Amino acid sequence: MKSEVRPDTISRGFKILSRKKNAMFTTVKAQISVSKRTYDMESTVKLYLDNDTGAVLYPVEIGSPVPGLTVTLDSDSSSSCSFPPSIPDATIDSTAMFLSIFHETIGTVRELIRKEQQRILQKGV
Amino acid sequence: MYKERIAKLMNAVKHEPDDLEFVESRMNTFTEYMSHVAWMETRIQRLTIEGVQGEEWRNQVESLDKQRRSKHNVAMDAINQLNRLSKVVGLEPFYDGPVDHEHRTEIGDVIGNIVNEYFEGRTVEQLKTENLMSEDDFAQAVESIPDSGASMEK
């Protein structure tokens, strides 16, 4: 029997919640949304971007919808994930879902970073 | 010294919650690095005791070392960022030595000193409930204890 493989549709995006500039860097808070065929997940991120160069001031923390589960971007090519000391039954599904869209979440944050960098370098803030 | 400099920096940016959070999160990179180094050294001890050698040893240690380098880089960046912010607000640099890849070992030592300074200056007394609550909240909490006859003199 030949099974039909349905493509898993994924949509992703971000929404800027606030943008604030100080003398050294611009703080950008954003909401990251990733939707798969069966569920949607939202996380938050706060970026600090150098006003002069647009460079991200690492580390960047991404807060997940699961309490205690956070992702940290250490550099352009490195990230780490922290888990809570225990994962109760109530959050197992959301933890698994969040991890299953890890790639998309990081990709969206990278896209956000690129756009904010362009904004700083081209237009000024 | 470092703790004092951070206090001055926090004081200079105290009206900007984002800036305060920025300073705190940069400081946390130092404890992250120290924690990883201690964990890695313990793991190497264990691998040695277990007699793990050759390719398996290399694979395990290489992975740990890659993470350590990454955390070291993040902490070095954090020092540079704290130095810049200090300069912007008119303070002396957080750390006044060279912060580059040629001085990685020295920077590692500095990070150890920073964390140790905070550890040495930690609050050794057990924090009591009244230290963690405002005077009014504490008084209210005492008053709310039923039939205890408890009261608080102001």
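Scroll up for the structure.
The shown structure was predicted, so the numbers you read here are calculated from the model rather than taken from an experiment.

A. Region of the structure containing the interface of chain B and chain A. Opposite the 14 residues of chain B that make contact, chain A presents 17 residues. Together, the buried faces of chain B and chain A total about 1,500 Å²; carbon and sulfur atoms form 49% of this surface. For the pair chain B and chain A, the interface holds 6 salt bridges. Residue Arg84 of chain B pairs with Asp50 of chain A through a salt bridge whose shortest N-O separation is 2.3 Å. The interface formed by chain B and chain A holds 10 residue pairs in polar contact (both at pLDDT 80 or more) in total. Secondary structure elements with two or more residues in the side of chain B that touches chain A: helix H2 (17-49) and helix H3 (54-88) of chain B. Top contributing element to the side of chain B that touches chain A by residue count: H3 of chain B, with 7 residues. Among the residues making up the side of chain B that touches chain A, the classes are represented as 4 nonpolar, 3 polar and 7 charged.

B. Structural view of the pairing of strand E6 (residues 79-82) of chain A. All names here are of chain A. Pairing analysis gives 4 bridges linking strand E5 (residues 70-73) to E6, with the strands arranged antiparallel. Across the sheet, the residue bridging to Thr70 is Ser82, located in E6. Linking E5 back to E6 in an antiparallel pair, the connection comprises 5 residues.

About the criteria used
- Residues numbered from 1 in each chain as written.
- Chains lettered and ligands numbered in written order.
- Predicted model: local features only at pLDDT ≥ 70, side-chain atom pairs only at ≥ 80, totals over all residues.
- Heavy atoms only, no water.
- Contact = heavy atoms within 4.5 Å.
- Buried area = accessible area lost by both parts, 1.4 Å probe.
- Salt bridge = Lys/Arg side-chain N within 4 Å of Asp/Glu carboxyl O.
- Polar contact = N/O pair within 3.5 Å; in protein donor to acceptor, adjacent residues only side chain to side chain.
- Helix = DSSP H or I, 4+ residues; strand = E, 2+ residues; numbered from the N terminus.
- Nonpolar A, V, L, I, M, F, W, Y, C, P; charged D, E, K, R; others polar.
- Pairing = 2+ DSSP bridges.

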